Amino acid sequence: MSPLLFVPTFFLILAGCKGLPFFSHGSTRTSGGEESHRTVDGAFAHAHLEFQEASYDGENLWGRLLISPIEVELRIDKRLIESIDLTVDSVVSCETGEAIPYLILDASAPSRRDEDILTLKPGFWYGKQVRLFLFAEHATHQPSPRCFEAVVAYHAVDVKNVARVRIRAERAVPTALDAGVPHADPDRTRTIEAE
């Protein structure tokens, strides 16, 4: 093997082992080159976390995420960026409880500005509609699950592992379209038939 071929191959293998560029649990950088500095591990006990109005379209989990600190105030990024502030810890099948492969994406976000930060005090709630991209049937050629349970973790500006929530989502069964045929009124139908 040529030494010139060895060097690029080594870097490709290294990138694949690290999960670069798309599949990484490592620290996420903003576009300004700032690394996330979460200095305290919250052990999932610093806030109440709720996920309301969950819907699932076969690829994305949509819903309203609500956060309320328990004992001390939290500095939160109001943008709630997927893979920076929210991470998916696990996804399992509703029917079997077995782990389901899902996508882990690394995001690049604009640099955080002062107006993006909210200091949330205990007893107050902050909520926002969020979308978590979990499955890509068209790209992976693996069927998306009909029903799954996911554990989603929230990370504040200064505290990682603030809270987590278990979410159950089921793909809605598509309904047949009526092709524009109006629903029949039984009285009107009889009248038409009698004429």
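The sections below set out a description of the structure shown in this document. For clarity, every value in this text was computed on a predicted model and none was experimentally measured. (Residues numbered from 1 in each chain as written. Predicted model: local features only at pLDDT ≥ 70, side-chain atom pairs only at ≥ 80, totals over all residues. Heavy atoms only, no water.)

Here we take up the overall build of the protein. If you tally the helices and strands in the protein, you get three helices and 10 strands. Taken across its 195 residues, the protein has 33% of its residues classed as buried. The long-range fraction of contacts in the protein, counting pairs at least 24 apart against all pairs at least 6 apart in sequence, stands at 73%. With the model as given, the accessible surface of the protein reaches about 12,600 Å², and the carbon-plus-sulfur share is 57%. (Helix = DSSP H or I, 4+ residues; strand = E, 2+ residues; numbered from the N terminus. Buried < 20%, exposed > 50% of the residue type's maximum accessible area, 1.4 Å probe, protein only. Contact = heavy atoms within 4.5 Å. Areas by Shrake-Rupley, 256 points an atom, 1.4 Å probe, with all protein chains shown as cover.)

Time to look at the state of the cysteines. Scanning the entire structure with this criterion turns up one disulfide. Disulfide pairing places Cys 94 opposite Cys 147 at an S-S distance of 2.0 Å. Given an S-S torsion of about -70°, the disulfide between Cys 94 and Cys 147 has left-handed geometry. Of this pair, Cys 94 sits in the loop between β5 (86-93) and β6 (117-120) while Cys 147 sits in strand β8 (residues 147-154), and the two are 53 residues apart along the sequence. Neither residue differs from the other here; Cys 94 and Cys 147 are each classed as buried. (Disulfide = S-S within 2.5 Å.)

What follows is about the sheet that holds strand β3 (residues 60-69). The strand order across the open sheet built from three strands is β2-β3-β7, with neighbouring strands paired in antiparallel fashion. Because the sheet does not close on itself, it has two edges, and the strands there are β2 (47-56) and β7 (126-133). Taken over all neighbouring pairs, the strand axes of this sheet differ in orientation by 25° on average, direction set aside. Pairing geometry for β2 and β3, over eight bridges, is antiparallel. The residue bridging Ala 47 from the neighbouring strand is Pro 69, located in β3. (Pairing = 2+ DSSP bridges. Axes fitted to C-alpha atoms, helices over the stretch in contact; angles between N-to-C directions.)

Scanning the model with the defined rule gives three aromatic pairs in all. Taking the centre distance of 6.0 Å and the plane angle of 70° together, the rings of Tyr 56 and Phe 135 count as edge-to-face. Here Tyr 56 is found in strand β2, whereas its partner Phe 135 is found in the loop between β7 and α2 (137-140), with 79 residues between them in sequence. As far as the burial class goes, Tyr 56 and Phe 135 line up, both buried. For the pair Tyr 56 and Phe 148, a centre-to-centre distance of 4.9 Å together with 85° between the ring planes defines the contact as edge-to-face. Separated by 92 residues along the polypeptide, Tyr 56 in strand β2 and Phe 148 in strand β8 bring together distant segments of the chain. No difference in accessibility class separates Tyr 56 from Phe 148, as the two residues are buried. Clustering of aromatic rings is evident, with ring pairs tying together Tyr 56, Phe 135 and Phe 148. Positioned above the aromatic ring of Phe 44, the side-chain terminus of Arg 164 is 3.8 Å from the ring centre. (Phe/Tyr/Trp six-rings, centres within 6.5 Å; stacked < 30°, edge-to-face > 60°. Lys NZ or Arg CZ within 6 Å of the ring centre and 35° of its normal.)

With respect to the helices and strands, Val 151 occurs in strand β8. What makes Val 151 buried here is its relative accessible area of 11%. C-alpha separation for the pair Val 151 and Val 91, spaced 60 residues apart in sequence, amounts to 6.6 Å. Those residues in contact with Val 151 that sit more than four places away from it in its chain are Thr 87, Val 88, Asp 89, Ser 90, Arg 164, Val 165 and Arg 166.

All right, on to the nonpolar core then. Burial of nonpolar side chains together is a common tendency in soluble globular proteins. In terms of nonpolar packing, the biggest core is built from 31 residues, with Leu 61, Leu 65, Ile 67, Phe 148, Tyr 154 and Val 162 touching the most fellow members. Those elements giving two or more residues to this core turn out to be β2, β3, β4 (74-77), β5, β7, β8 and β10 (163-170). With near-sequence residues (within four places) excluded, Leu 61 lies in contact with Phe 51, Ala 54, Ser 55, Val 130, Arg 131, Leu 132, Leu 134, Phe 148, Ile 167 and Ala 169. (Core = buried A, V, L, I, M, F, W, Y, C linked by side-chain atoms within 4.5 Å.)

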